[in-house]
Amino acid sequence: MTRHAVLAGVGGYLPKRVVTNDDLARTLDTSDEWISERTGIRQRHIADETETAAFMGAAAAEAALRRAGAGAGEVDGVIVATSTPDQAFPATAARIQAALGITRGFAFDLAAACSGFIYALAVADGMIRAGQASGILVIGSEVYSRILDWRDRTTCVLFGDGAGAVFLHAAEGPVTPGAPAVLSTHIHADGRYGDILYVDGAVGQPDRPGTLAMNGSAVFRHAVVNLAAAVEEALAVNHLDRASIDWLVPHQANRRIIDAMGKKLGLAPERVVVTIDRHANTSAASIPLALAEAVGDGRIRPGQLVLMEALGGGLTWGSALVRL
Ligand code: ACO
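Parameters at a glance
Residues numbered from 1 in each chain as written. Predicted model: local features only at pLDDT ≥ 70, side-chain atom pairs only at ≥ 80, totals over all residues. Heavy atoms only, no water. Helix = DSSP H or I, 4+ residues; strand = E, 2+ residues; numbered from the N terminus. Buried < 20%, exposed > 50% of the residue type's maximum accessible area, 1.4 Å probe, protein only. Lys, Arg positive; Asp, Glu negative; His and termini not counted. Salt bridge = Lys/Arg side-chain N within 4 Å of Asp/Glu carboxyl O. Polar contact = N/O pair within 3.5 Å; in protein donor to acceptor, adjacent residues only side chain to side chain. Near = heavy atom within 4 Å. Areas by Shrake-Rupley, 256 points an atom, 1.4 Å probe, with all protein chains shown as cover. Nonpolar A, V, L, I, M, F, W, Y, C, P; charged D, E, K, R; others polar. Domains from an automatic or database assignment. Core = buried A, V, L, I, M, F, W, Y, C linked by side-chain atoms within 4.5 Å. Contact = heavy atoms within 4.5 Å.

Caption draft 1: Spotlight on the side chain of E142. Relative to the helices and strands, E142 is located in strand β6 (residues 135-143). For the buried residue E142, which engages in no salt bridge, the nearest side chain bearing the opposite charge is R146, 10 Å off. Reaching out from E142, the side chain makes a polar contact with the side chain of T84 at a distance of 2.8 Å. Engagement of the side chain of E142 in a polar contact is seen with the side chain of S283, the distance being 3.2 Å.

Caption draft 2: Here's a closer look at the site of the ligand. Around the ligand sit 21 residues, and of these T30, R38, R153, N254 and N281 come closest. Within the side chain of H251, an N or O atom sits 2.9 Å from an oxygen atom of the ligand. About the coverage of the ligand: the protein hides 72% of its 1,000 Å² of free accessible area. By residue number, the principal contributor to the shell around the ligand is helix α7 (residues 216-237), which donates 4 residues. In terms of residue class, the shell around the ligand is made up of 10 nonpolar, 8 polar and 3 charged. Mapped onto the domain boundaries, the shell around the ligand takes at least three residues apiece from domain 1 (3-172) and domain 2 (181-323).

Caption draft 3: Structural detail: the nonpolar core. Among the nonpolar cores identified, the biggest contains 41 residues, and V157, I245, L248, L265, L307 and L311 are the most heavily contacted of them. Looking at this core, the elements with two or more residues in it are α7, α8 (255-264), β12 (305-312) and β13 (316-323). Ranked by residues supplied to this core, first place goes to α7 with 8 residues. Each of domain 1 (3-172) and domain 2 (181-323) accounts for three or more of the residues forming this core. Counting residues in hydrophobic clusters, the runner-up holds 39 residues, among them V166, I287, A310 and A320.

Caption draft 4: Here's a closer look at the environment of L121. In this structure, L121 sits in helix α5 (residues 116-129). Taking the C-alpha atoms as reference, L121 lies 18 Å from A54; in sequence the two are 67 residues apart. Contacts of L121, omitting those with residues within four sequence positions, involve V138, V166, L168, T185, M308 and A320.

Caption draft 5: Quick look at the environment of P288. Checked against the element boundaries, P288 lands in helix α10 (residues 286-296). Along the primary structure P288 and S36 are separated by 252 residues, whereas in three dimensions their C-alpha atoms are 23 Å apart. Contact partners of P288, with chain neighbours within four places excluded, come to V10, G11, F117, G164 and A165.

Caption draft 6: Main features of α10. The element α10 is largely enclosed, with a buried count of 9 among its 11 residues. All of the buried residues in α10 are S286, I287, P288, L289, A290, L291, A292, A294 and V295. With its phi angle positive at about 85°, G298 sits one or two positions after the end of α10.

The quantities given are spatial measurements derived from coordinates; they are silent on function.
Laid out in structure tokens, this is it:
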């Protein structure tokens, strides 16, 4: 029997504390003007010690379930995309499963840096199509503030903390035109470029600093080329043209990359969901957080076609096309 996945609900969580560019400029040789002109970022939310990846992910997941009108009993899998888990193990997903009172099914984390949410969505979609699960929470939760060198102005100004989640459930039968469905996901990696964006340090490497390092202009170049190809791939596989896309919900890395992708699709700026000005780059959380905001305020409506895309450390990248 053919089945497919439907995105039934979306939710987000942002830490209470807001840090503006001016706040950073008090202790760092930077300025609101430099940061906002180059990146579009004006502020970011920064987690306190109680706002762990598991805490924020659970809050976002609860909001997604509420929006879907679903209960914990309908969840038979939790997948968390994160590069900043609270512990090496148990997985953040297992912590969230317990926090939500879910006592069955599977739970695991997935690491694909800023593309993590697209990767997790692809895995969940595949599992639902294959009949391995019928209700999966897909969560992106990140605490990048803990892996930044706060003295390095070239990286620390770019990121923020937060979590976003969606609840996917199975629908029997093939996808019918115009009906809600995850239409396609595409994921890619090219490990040859692993050294242009990485976090050193791991369990067993206590002498390594464990902070993020990046060749910003190289990442920028790869993002523009690979994301454009990912968007074309999604459209071609679904036999759609650019005009059919109602919304672009991109990973929020840099305003200039977001604008370039919107332009490539020929979308009016108001059809591109932008949160980078207030959230900065929340890595795997950025797409579900942006989706939660635009669905929550009524901009994205049921039946509309949403294209998501991301590129991140690995390099990894990908796209997802979803009709809500
Ligand atoms: N404040 C003030 N000056 C700064 C700052 C800062 N925060 N950061 C760097 N500078 C200085 C540099 O030291 C340099 O000075 P110099 O000319 O005297 O040496 C100058 O500004 C220019 O630095 P560049 O690194 O060349 O700046 P660039 O224009 O490339 O912008 C940026 C940097 C914004 C990171 C850009 O490369 C970019 O957007 N890259 C895309 C990658 C990205 O968005 N990464 C986010 C994470 S990855 C992801 O999510 C995909």
